[in-house]
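Coordinate analysis (summary)
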Amino acid sequence: MKRFIKKDGMHRRLEGWPLLFTILVTISILIGGIVEFLPLALVPSTVHKIESVEPFTPLELAGRDIYIREGCNNCHSQMVRPFRHELERYGEYGKPGETVYERPFLWGSKRTGPDLARVGGKYPHLWHVRHMEDPRSTSPNSIMPPYDWLLRKDATLSDLPTKLRTLKALGTPYSQDEIDNAVALAEAQAQEIADEVAAQGGPDGLADKEITALVAFLQRLGTDIQQAPDATTAEAASTKETEDALAAEGDAP
Amino acid sequence: MSTLSVSSSAARQERPSQVELFTYDEQIVRLFVLATIIWGFVGMLVGVIIALQLPFPEANLGEYLTFGRLRPLHTNAVIFAFAGNAIFAAIYYSTQRLCKARMYSDLMSRIHFWGWQAIIVSAAITLPLGMTTSKEYAELEWPIDIAITLVWLVFAFNFFATLRRRRERHMYVALWFYIATIITVAVLHVGNSLALPVSFMKSYPIYAGVQDALVQWWYGHNAVAFFLTTPFLGLMYYFLPKAANRPVFSYRLSIIHFWSLVFIYIWAGPHHLNYTALPEWATTLGMVFSVMLWMPSWGGMINGLFTLRGAWHKLRDSAVLKMFVVGITFYGMSTFEGPLLSVKSVNALSHYTDWTIGHVHSGALGWNGFMTFGMIYWLVPRLWRTRMWSDKMANTHFWIGTIGILLYVLAMYTSGITQGLMWRAFDEAGRLMYPDFMETVVQIKPMYWVRLIGGTLYLGGVILMMINVWKTIKTAPKRLPDPAFAVPKRASAPSDGEQEVATA
Ligand code: HEM
Ligand code: HEM
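Below: a short report on this structure. Remember, predicted model here, so these are calculated numbers, not experimental data.

1. A word on the site of ligand 1
The immediate surroundings of ligand 1 are formed by 25 residues, with Lys110(A), Arg71(B), His74(B), Glu136(B) and His361(B) found nearest. Residues lining ligand 1 come from chains A and B. Within the contact set of ligand 1, an oxygen atom lies 2.6 Å away from a side-chain nitrogen or oxygen of Glu136(B). Between an oxygen atom of ligand 1 and a side-chain N or O atom of Tyr137(B), the distance comes to 3.3 Å. Elements with a minimum of two residues in the shell around ligand 1: helix 2 (27-53), helix 3 (67-99), helix 13 (354-383) and helix 15 (437-474) of chain B. Considering every element that reaches the shell around ligand 1, the biggest residue donor is helix 13 of chain B, with 7 residues.

Structural data, given as structure tokens:
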């Protein structure tokens, strides 16, 4: 070591060889990333499959892309941590197997607003419509921005076949049928939601609006896991850290 | 002026046939300095706007200017436009001098400069339009990502070709940090941006879920490490000894902390994903390496602060040194806080809260901001060959900036810890004490206002700097020829990098 760093030691020589220096730097910075990423990429068992988790429907996908466009992830997380207070507040904690169709992941890093990973089914469709139009109408004092234009702008559905095809190329198991009929599938689901909104006393004619796609996406969040209590508990048992975290939490005042 | 003394000593040994003449490209440095100031103002103005939008949602003005779209604009503008242009100014100024060579290609330097500004402008247009990948600090869509890659390659080629043509045998420590920056940013950017396009401004990443999260925070954390830390350490190693007229404290320390920093930083990414669906071994690895990072980080701080040994009295009259000292101190504080936040039990409280925001801005405003301002106040009179228009104004900038940072971070620590504690509080019956999320929001609103005041003060300091620099430039001579030097051919006297800066 001393030989290496002394005033005219080996490192001094190295300082005269930019190419070698650069190669050594490159090796140093590659090691950590490779060690951490390769197991996740190569070992399939690192992500437990959960049977009930399915790809997003075309309409939900359109809604998800609106969520991304509006940057909702800057205020909302979608990843419940395994602490008792988070389970009580939001519901089941996040499992790796749930995320396999998330491109990109939307876990977020900041909760200016509440976590949304389990918001599906928490409110009626109409609540979301009203809330997105003016958050302070449903949640007094809310600091969430209003998104009233979502109720006016037509949703773009024509690009859904391309989107599904791209995702399929990346590994999401959409069938050729779904890809070909993506627009029709989306329109049918949108009509259902819009009818329900109208039946709940909300505005008419939202079927082709962006808000409907967004609501479809929000209502989907967390619902896959609810259908599969077995998968959930089986995996929970295998995660020792989770148990520890929950235990520690339980003791805390 | 060190460079002049170098040239005159060279001139003394001069024999006509054995002399090489060369110049430094200073115009490119002037361009980057001006871009730093302008984008700094823009980026922080957007910061103040989003700081206002949080306690006062009425400030969300229509579709294109909501918080969700402006926040990425803020982060991209301050990181890549403000800090980015600042480190390019530092690199173009110091690399030429440390290599005793002009940049390899003026054209490449220009392509780098204008290409980078075009990228920033395209970010400023596309982000409010909602064209985003949603990945933090990597929001720009694929065509812009490709442009970034190309411009970065031009920059890298120009830099390494300059290294090849250097007239100084040994590379000074600042150059090591620049090398690490250029290589790693390229690897990170390409690795994290891999995606399949759907349309001109939309793509889906090749990674999904857990993998995407890991790659994103491998990138995200090391954007902090290799965009906001290593180049600024290089900046520190060059400009601080210059401004203090003292050699760097310890050559050995710089070797040790350089290599350990470069090696360890990469591992720390998973500390952004504690307790998420990422496998436990990965987050534990991230935590352990983050704690280890404390040492090499403080190695840099110590090397910086101790460089001022015996020169502390100079702080009194030098806004440059004052800024450097506060900057390095904040570097020390945020790199102490960072490892602390990585510890799982602390992260359980701090994650998702404003504590993170406090940590970010103690690094960003204190370290990146103040090192940049110090460099600008040191460079501007030299680049424009005149005196700073007002030293008093520079001092005022220092003080209101410092007060601004303190208000900002103290407000965020208070609100972050308040949030963290309220979210986890249970009452006697074992139910959530504050089940309604709005209760915490209402509780921390006052802190958002305090942060706004702090941020506005800080921005006020930047405005003072703009005025000061503007007035200074107006007093500059009309013609600013590139400084010219003559050195004996094959200048092979092995000069000591450390002393090069110190004694020159
Ligand atoms: C006038 C000065 C500034 C103000 C008022 C300001 C304000 C803000 C605000 C309000 C946020 C959003 C926080 C939230 O979501 O709760 C933010 C985020 C951020 N700012 Fe600033 N900022 C300023 C300067 C800077 C500078 C100079 C930098 C970097 C060099 C910076 C880097 C960031 C980063 C990286 C984030 C994202 C943090 C995260 O995702 O955790 N800011 N800023
Ligand atoms: C030893 C050095 C450091 C370590 C170990 C460290 C660690 C951390 C940790 C644990 C977080 C919180 C992650 C979370 O809970 O979401 C964080 C966030 C952050 N840190 Fe540091 N930090 C260090 C130095 C710095 C410095 C010097 C800067 C800036 C100039 C910085 C900028 C950031 C940013 C921008 C974030 C927010 C990321 C996001 O969520 O968007 N860090 N850091």
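2. Thoughts on the nonpolar core
Counting 173 residues, the largest nonpolar core has Val33(B), Trp116(B), Phe239(B) and Phe373(B) as the members making the most contacts within it. Counting contributing residues, this core receives three or more from each of domain 1 (2-45) and domain 2 (51-248) of chain A. Setting aside anything within four residues of it in sequence, one finds Trp116(B) in contact with Phe80(B), Asn85(B), Phe88(B), Ile111(B), Ile148(B), Val151(B), Trp152(B) and Phe227(B). In this structure, Tyr67(A), Ile68(A), Leu170(A) and Ala216(A) belong to the second largest nonpolar core, which totals 42 residues.

3. Observations concerning the layout of surface pockets
Residues and elements named next belong to chain A. In this structure, the largest pocket encloses a volume near 790 Å³. By residue number, the principal contributor to the lining of the largest pocket is helix 6 (residues 125-133), which donates 4 residues. Partitioning the lining of the largest pocket into residue classes produces 22 nonpolar, 12 polar and 5 charged.

4. Remarks on the coordination of the iron atom of ligand 1
Geometrically, a metal with four donors at the corners of a regular tetrahedron has ideal angles of 109.5 degrees, and one with six donors at the corners of a regular octahedron has ideal angles of 90 or 180 degrees. Residue and element names in this part refer to chain B. In the first shell of the iron atom of ligand 1, the protein supplies His74 (NE2) and His361 (NE2), at 2.0 Å from the metal. The site at the iron atom of ligand 1 holds 6 donor atoms, and with the angles between them running 88 to 180 degrees, its shape is octahedral. Residue His74 is found in helix 3, and its partner His361 is found in helix 13; the two are separated by 287 residues along the sequence. Taken individually, His74 and His361 each receive the classification buried, so the pair is uniform in this respect.

5. Here we look at the pairing of strand 2 (residues 195-199) of chain B
Residues and elements named next belong to chain B. Sheet topology places strand 2 next to strand 3 (residues 202-205); 4 bridges connect them, and they run antiparallel. Bridge pairing links Ser199 to Lys202 in strand 3. Between strand 2 and strand 3, which pair antiparallel one after the other, the connecting turn spans 2 residues.

Rules and cut-offs
- Residues numbered from 1 in each chain as written.
- Chains lettered and ligands numbered in written order.
- Predicted model: local features only at pLDDT ≥ 70, side-chain atom pairs only at ≥ 80, totals over all residues.
- Heavy atoms only, no water.
- Near = heavy atom within 4 Å.
- Polar contact = N/O pair within 3.5 Å; in protein donor to acceptor, adjacent residues only side chain to side chain.
- Helix = DSSP H or I, 4+ residues; strand = E, 2+ residues; numbered from the N terminus.
- Core = buried A, V, L, I, M, F, W, Y, C linked by side-chain atoms within 4.5 Å.
- Buried < 20%, exposed > 50% of the residue type's maximum accessible area, 1.4 Å probe, protein only.
- Domains from an automatic or database assignment.
- Contact = heavy atoms within 4.5 Å.
- 1 Å grid on protein atoms, 1.4 Å probe; cavity = no way out; pocket = protein on both sides within 12 Å on 5 of 7 lines; lining within 4 Å.
- Points joined across faces, edges and corners; volume = space filled by probe spheres on them.
- Nonpolar A, V, L, I, M, F, W, Y, C, P; charged D, E, K, R; others polar.
- Donors = N, O, S within 2.8 Å, 3.2 Å for Na, K, Ca; no water.
- Tetrahedral: all angles 85-135°; square planar, octahedral: opposite > 155°, others 65-115°.
- Pairing = 2+ DSSP bridges.

Taken by themselves, the reported measurements are silent on function.
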